[in-house]
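Geometric and topological summary
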Protein chains: 2
Amino acid sequence: MALSSKYYLEVPAASLDNNKGEIDRINSLLEDFTGIKRIDWPIDLIISSLPVIRSSNGQLTVTACRDGDRLTVISVESGDTRSFHFGIAIDLGTTVVAAELIDLKTGDTLSSEGEINAQVRYGEDLLTRLHFASQGGVNELKSALLDTINKLVDITCKSSGIPSNQISAASIAGNTSMTHLFLGLDPSSIRHEPYVPVVNHVPVLNASEVGLKILPYAPIFIFPSSGSFLGGDLISGVLASGLTKSEKISLLLDIGTNGEMVLGNKDWLLACAGAAGPALEGAVAECATRAKPGAIDRVVIDPTTLEPSFSTIDDKPAIGLCGSGLVDAIAQLYSVGLLDSTGRFVLEKHTTRWQKINHRIAYMLTEERTGNNLPPIYITEKDIQNVLRTKAAMVAALTVLLNSVGISIEEVQKVYTAGSFGIHLSPESSIAIGLYPKLPLNRFIQLGNGSLLGARRVLLDASNIDEAKRIADKITYLELNVHPTFMNLFRSAKYI
Amino acid sequence: MALSSKYYLEVPAASLDNNKGEIDRINSLLEDFTGIKRIDWPIDLIISSLPVIRSSNGQLTVTACRDGDRLTVISVESGDTRSFHFGIAIDLGTTVVAAELIDLKTGDTLSSEGEINAQVRYGEDLLTRLHFASQGGVNELKSALLDTINKLVDITCKSSGIPSNQISAASIAGNTSMTHLFLGLDPSSIRHEPYVPVVNHVPVLNASEVGLKILPYAPIFIFPSSGSFLGGDLISGVLASGLTKSEKISLLLDIGTNGEMVLGNKDWLLACAGAAGPALEGAVAECATRAKPGAIDRVVIDPTTLEPSFSTIDDKPAIGLCGSGLVDAIAQLYSVGLLDSTGRFVLEKHTTRWQKINHRIAYMLTEERTGNNLPPIYITEKDIQNVLRTKAAMVAALTVLLNSVGISIEEVQKVYTAGSFGIHLSPESSIAIGLYPKLPLNRFIQLGNGSLLGARRVLLDASNIDEAKRIADKITYLELNVHPTFMNLFRSAKYI
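Residues numbered from 1 in each chain as written. Chains lettered and ligands numbered in written order. Predicted model: local features only at pLDDT ≥ 70, side-chain atom pairs only at ≥ 80, totals over all residues. Heavy atoms only, no water.

What describes a pair of aromatic rings is the distance from one ring centre to the other and the angle between the planes of the rings. Under the counting rule described, the total for this entry stands at 16 aromatic pairs over all chains. On the basis of an interplanar angle of 15° and a centroid distance of 5.4 Å, the ring pair of Y436 of chain B and F444 of chain B is categorised as stacked. Of the two residues, Y436 of chain B and F444 of chain B, both sit in the buried class. One aromatic cluster is present, formed by Y195, F229 and Y477 of chain A through successive ring pairs. (Phe/Tyr/Trp six-rings, centres within 6.5 Å; stacked < 30°, edge-to-face > 60°. Buried < 20%, exposed > 50% of the residue type's maximum accessible area, 1.4 Å probe, protein only.)

This is the structure we're talking about:
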């Protein structure tokens, strides 16, 4: 059953023999439909619905939210409107907020959009924003995020031709800080010992309470977090993977701005988190860019000519390297012998692609393209070292996780990749440089945006709310920074 | 358990080993206390409570409302405040709104006040107000009623020295029309065939939703009605009487502006309603007044001298006759032989008290008291006829009720009297003129304001909410106006 449900009712006319009130008669039918005795209405909705009820000739569609043993009515429409039943899934990314407008009747995605989180104006990275929040900026950050979300509501509705007040449910996942800011809660405590959030399990709220411009009483489910470092976005990804449904041990690699991994099965879940992302994000490599149109996302280097070829997102003129292009490039440089296993260029191998940029040697993917204002795109040893550090962190983290439960990597049956980088990375290249564990390719499953996918699952089947809660309660967090062997593992993993 | 509950918690400090959020840690303790897993908070309350939580050194008192399998937190205070736990019971009378401020810890009544319903400015009687409502006056009537209620909150709080935001629960009973107006619902449909209210069973709301100026998230229980003619005030009275707890058959006589009676026991309930009150109210008898200071409430006539003596409420100078004084006077006139059984004066009996007023003979209770501006107080045959009509309506209604279930009046074990007249009427005089059935005096129990009493019961024990719902669902309404024998019974009962 979806997060909101629509019921078509044919309400018998009042008569002298039946003293039930107008609302009580509707509730009677809802009880017959659902078996639920306890039916709540906001009083404002009773008042605003009366004209609709009275002019409907008894033919009504009631939208309600089922929550345990009670049903809350959230909208009343005249006639049979069951085929207009929509929800929105939202991923509160630190950089990009993504939304999918879903037809709750068919399960179809009607529109899928992303928007830069307007909070970036207060700081590209999360730490800057958290600092701003702690200086009294919570409400500004909340407004910025809400503006972004409401813009996405607007865009997805417009592109689907659906009025926003027809969206009768929302499901939202974000990291712990984003979730706090969305709710107007000061996330400062998250970043200071003992690293405790204000709240992990947020009650189901309604749209008007949180300022979301959809049907005012629409239920808003917000994924629970499990402490400061494991956010609702990760819980949502775990839910989406189905990892907790199987006896087999699986691994979820969520590689976004933060890198998180979860190892486990239906009985146990072990997670760790670290700053995996920056090396793969716009911020680190010199020619890096977000995965947007024009970003180089695939690179191949001819082993004979040592000349590169590449593709860009949407086939637009190349503007930079996104994470997957960077990983491809490193894997290819290594494969054709232009890079050694310590991450140093093999300059003895001759190619016209070696060029000096700012006193350092770079491998040129494009030349200066005068006239069209596009910069040259290249890769330096420093870029490679950054990626290798990320890779080392991932490998060390995975090793710690595996060792903690005493299993070998071969016992991991499925590897789900998610997060903004997980979507684009080539498993082959990622395995080649050691970012992904060396397992048969058929064990890798690309989830895409796991956070959004889990949010979508809850929209279409609200029983997943309990499952999300179970996951958040069950997951054990392993703090890598205090782990005795992590640093050794990290140092020894800084090679391809 | 009271409608709201207070829990004193000693919340352990956060540590690196416990990633529970600040709110989640409180919820954990609440779950330990109550066994309830589902704990909701309004998001605004989380935000506004954080400074309290953080400055409390872990010692907190949480006020919450338990509702089935969930608990809604409504307030957080620093330290142990369990001894400050208050609720307000309110009777939405058409003429007078009454309120009692209750200490929910001890059950003590801290303050009890009444105020004229400010709606009277739109019409003394209900029908005039309903007409005004149907002309778009709903919100004005709602505001007037709310002003009266909030004034009572203010008065009772001031007289008890309690801040109004310490009132964490309210329980409200009123007739169906008053309940509608309190909620801002147009009651017009109540008075037109098929006489169907908008809603009988109102969900539990909170104070800010309805505009009550107590703790904003305090739960507001509103007694359900059972159709247009049996209001929440009557359901509340039935609850207060305990009539539905016994196998013995009992009768509830609610004699306010409307007269209602309920016959039944734990298995069945039969009710009827009619305009019993007007004859006993300020509106009908020439010298009548509401039961307020100065109203003559007891009358004795000396059988030898035929001279009257009387008492007034609060021993103030006599200003008029209230219902109980009127009933006493009639009973005494009949008893000393100044009145015959048809309600005519026996003028052959000589007394200086007979005087002609406006061309009609009256029995003078007081003479013109020049100098102090007080009018003479007397009683006319017309006044007596009015009371006898009311009495006839009561007798006929009771006979119909008894006949419907085939029992005799002697089988009625208890007679509960309630309503604004039920409080003051002398059972002896009421039996003497036939207003009350002829039963041993020890079967009569004065409930007082049954509506307020039932509201108080719910405040102190919220399990009565379910009982009130059961009563409203179980009660059967007998429509007297369409009853074939009612008019005959009425005509034959117009004698003392």
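That shown, we press on.
Our focus in this paragraph is the relation of the copies chain B and chain A. The operation relating chain B to chain A is a screw motion whose rotation component is 180°, with 0.0 Å of axial translation and a residual RMSD of 0.1 Å. As the rotation angle and translation indicate, the two copies are arranged about a two-fold axis. It is D69 of chain B whose C-alpha, among those of chain B, lies nearest the rotation axis, at 4.1 Å. Looking at the interface residues of chain B, 100% of them are also at the interface in chain A, so both copies use one shared face. (Least-squares fit on C-alpha atoms with pLDDT ≥ 70 in both. Contact = heavy atoms within 4.5 Å.)

Moving on to the sheet that holds strand β16 (residues 320–321) of chain B. All names here are of chain B. Strands sit in the order β15-β14-β16 across an open sheet of 3 strands; the sheet is mixed. For this open sheet the edge positions go to β15 (308–312) and β16, each flanked by a neighbour on one side alone. Sheet analysis places strand β14 (residues 295–301) next to β15, joined by 5 bridges and oriented antiparallel. Bridge pairing links I301 to P308 in β15. Contacting β14 and β16, helix α7 (residues 323–335) runs over the sheet at an angle of about 15° to β14. (Pairing = 2+ DSSP bridges. Helix = DSSP H or I, 4+ residues; strand = E, 2+ residues; numbered from the N terminus. Axes fitted to C-alpha atoms, helices over the stretch in contact; angles between N-to-C directions.)

Our next topic: the side chain of R353 of chain B. All names here are of chain B. For R353, the location among the structural elements is in the loop between α7 and β17 (354–357). Since its relative accessible area comes to 13%, R353 is described here as buried. If we skip the residues at most four places from it in the chain, R353 touches L306, E307, P308, A362, Y363, M364, L365, T366 and E367.

With 42 residues of chain B at the interface, the matching set in chain A holds 42 residues. Of the roughly 3300 Å² buried between chain B and chain A on both sides combined, carbon and sulfur atoms contribute 57%. For chain B, the biggest contributors to the area lost against chain A are N19, I43 and V198 of chain B; these three give 17% of the whole. At the junction of chain B with chain A, the criterion picks out 6 salt bridges. D67 of chain B is the salt-bridge partner of R70 of chain A, the closest N and O atoms lying 3.3 Å from each other. Taken together, the connections running from chain B to chain A amount to 14 residue pairs in polar contact (both at pLDDT 80 or more). Secondary structure elements with two or more residues in the side of chain B that touches chain A: α1 (22–34), β2 (38–40) and α2 (43–54) of chain B. The element contributing the most residues to the side of chain B that touches chain A is α2 of chain B, with 5 residues. Of the residues contributing to the side of chain B that touches chain A, the split by class is 19 nonpolar, 11 polar and 12 charged. (Buried area = accessible area lost by both parts, 1.4 Å probe. Salt bridge = Lys/Arg side-chain N within 4 Å of Asp/Glu carboxyl O. Polar contact = N/O pair within 3.5 Å; in protein donor to acceptor, adjacent residues only side chain to side chain. Nonpolar A, V, L, I, M, F, W, Y, C, P; charged D, E, K, R; others polar.)

What follows is about the sheet that holds strand β3 (residues 59–67) of chain B. Residues and elements named next belong to chain B. Overall, mixed pairing links the 4 strands, which are arranged β1-β3-β4-β2 in an open sheet. Each edge of the open sheet is held by one strand with a lone partner, namely β1 (5–10) and β2. Taken over all neighbouring pairs, the strand axes of this sheet differ in orientation by 40° on average, direction set aside. Along the sheet face, α1 touches β1, β2, β3 and β4 (70–78) and points at about 120° away from the line of β1. In the packing of α2 onto the sheet, contacts are made with β3 and β4, and the angle to β4 comes to roughly 40°.

Residues and elements named next belong to chain A. With an omega dihedral of 0°, the bond running from E193 to P194 counts as a cis peptide bond. As for its position among the elements, P194 is in the loop between α4 (176–183) and β9 (205–206). With a phi close to 60°, D314 is a non-glycine residue in the positive phi region.

Residue and element names in this part refer to chain B. Burial analysis of strand β11 (residues 250–255) places 6 of its 6 residues in the buried class, the great majority of the element. Side chains S250, L252 and D254 of β11 all project onto a buried face; the interleaved residues L251, L253 and I255 project onto the opposite face, where all are buried too. Sheet topology note: the β11/strand β20 (residues 414–418) ladder contains 5 bridges and is parallel. By the bridge assignment, L251 is partnered in β20 with V415. Sheet topology places β11 next to strand β12 (residues 259–264); 6 bridges connect them, and they run antiparallel. Bridging from a neighbouring strand, L251 pairs with L263 of β12.

A few words now on the environment of S408 of chain A. Tracing the backbone shows S408 of chain A in the loop between α8 (381–405) and β20 (414–418). Classification of S408 of chain A by relative accessible area gives partly exposed; the value is 31%.

Residues and elements named next belong to chain A. The contact between helix α6 (residues 232–241) and helix α11 (residues 450–460) brings their axes to 7 Å, and the two run at 70°. In this view, α6 runs roughly perpendicular relative to α11, as classed from their interaxial angle. In this structure, the crossing between α6 and α11 has a hand that is left-handed. Counted together, D233, S236, G237, L239 and A240 of α6 and G450, S451, L453, G454, A455, R457 and V458 of α11 form the full contact between these two elements. Tallied by class, residues from the contact of α6 with α11 come to 5 nonpolar, 5 polar and 2 charged. (Parallel < 35°, antiparallel > 145°, perpendicular 65-115°, else oblique. Left-handed = near helix turned anticlockwise from the far one by under 90°.)

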